Each structure stands twice: as structure tokens, then as C-alpha cells.
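Structural overview
What follows is each chain in one-letter form.
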Amino acid sequence: MVLRRLVAGLAAIVLVAEAAVLVLVHIVLGRTTANQSMSIAGSDPEVMSKATYAMGAGMGAFLLLCAVLAAATALRDRSPGRFARVVLISAAVTHAVLGMLAVGLVGWAAFVTLMLILCLLVLILTLYPAARQDGERAERREGDGGGPPGHAGGPPPPGELKPTGP
């Protein structure tokens, strides 16, 4: 399906751009902290500056990982694996929480941007059916679902109900 590939590819591009912006913002914040010798409650400015750099690198690496997983999903046009789903779900949850915080701290433009990225991540997770569910559906079609042969699962028809108690 073209829509699935388009969404996953667009998400990969947007996540790479977001990673670049966040790394740049953390570099600016780290340099500002180091140059101004800022201190919060007696904290060492050099430690704060290095921690800001490390946080930017960590966030950038996480978003790049998400972008690689989204690009792989787009190229294969198959559902993301278990590890990829966990990473993409954690990215979606992170964007939702940051979006809620961004409304009050940064403004509506940041909120809308984060929600658009959240929508792309959720679409990747929902447009592709999970591989395990496909296998379970195939088993049910073969009659292994516990019902009578030719029955698609669910409760038996009313005429076939039998007591189960003593």
C-alpha cells in the first residue's frame, strides 16, 4: 500500500530533522551555560554544560534510531518487529508528554509540531498489521480457534449451546 510507505518515509525524514534541531538546541544551551558560568543552586557550570551536550546527543541518537526503524519499515513495507514497535511506541509517548508540556512552556506552534510527529508515529504503528495477529487470524481460519469446523470463532450458535456444569 502506497499510503503506508509514504507515512513511514515521511516520518523518517521528519524524525531526522527533529533530531538535528534538538541536537543544535542542546549545543546552543550547553555553550550558553559554559560561557555565562551559570550555576543553579551551586551546581558546577562545566558539569551542567557537559550534561546538556550528553542529553542532546542521547535525544538525537534516539530520534535517529526511530528514523532508521521507520525508514526500514517503509522500504520493506512490512510491519515493524517487536523491538521496533517498542521503540516507536516509546517515541510516541515521549512526543505526547512533550506536547502537553510545550503548550504552556513554548507555545501552540511547538504543540502542533509535536502532535503532527505523534500522528505520524501512531500511523506507522496502526497502518501495518502486527505479524503475530496475522498468524493468529490464519490459525482461526483453519479451524483451530476452538469452534466447530467451518465456524469462524466466537460463541456457538444458540442451538448448539450445551450445559457445562454437573
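Relevant structure appears above.
Read on for a plain summary of the structure. (Residues numbered from 1 in each chain as written. Predicted model: local features only at pLDDT ≥ 70, side-chain atom pairs only at ≥ 80, totals over all residues. Heavy atoms only, no water.)

Formed by 24 residues in total, the largest nonpolar core has its most connected members in Leu15, Cys66, Leu88, Leu121 and Ile124. Listed by contribution, the elements that provide at least two residues to this core are helix H1 (2-36), helix H2 (45-76), helix H3 (82-105) and helix H4 (108-127). Excluding residues within four positions of it along the chain, leucine 88 makes contact with Cys66, Pro80, Leu121, Ile124 and Leu125. (Core = buried A, V, L, I, M, F, W, Y, C linked by side-chain atoms within 4.5 Å. Buried < 20%, exposed > 50% of the residue type's maximum accessible area, 1.4 Å probe, protein only. Helix = DSSP H or I, 4+ residues; strand = E, 2+ residues; numbered from the N terminus. Contact = heavy atoms within 4.5 Å.)

The end-to-end C-alpha separation of H2 is 46 Å, in line with the 46 Å expected for 32 residues at 1.5 Å each. Taken together, the buried positions of H2 are occupied by Ser49, Thr52, Gly56, Gly60, Leu63, Cys66, Ala67, Leu69, Ala70, Thr73 and Ala74. Buried-residue contacts for H2 involve H1, H3 and H4. Note on H2: the residue one or two positions beyond its end, aspartate 77, has a positive phi of about 55 degrees. (Expected span 1.5 Å × (residues − 1).)

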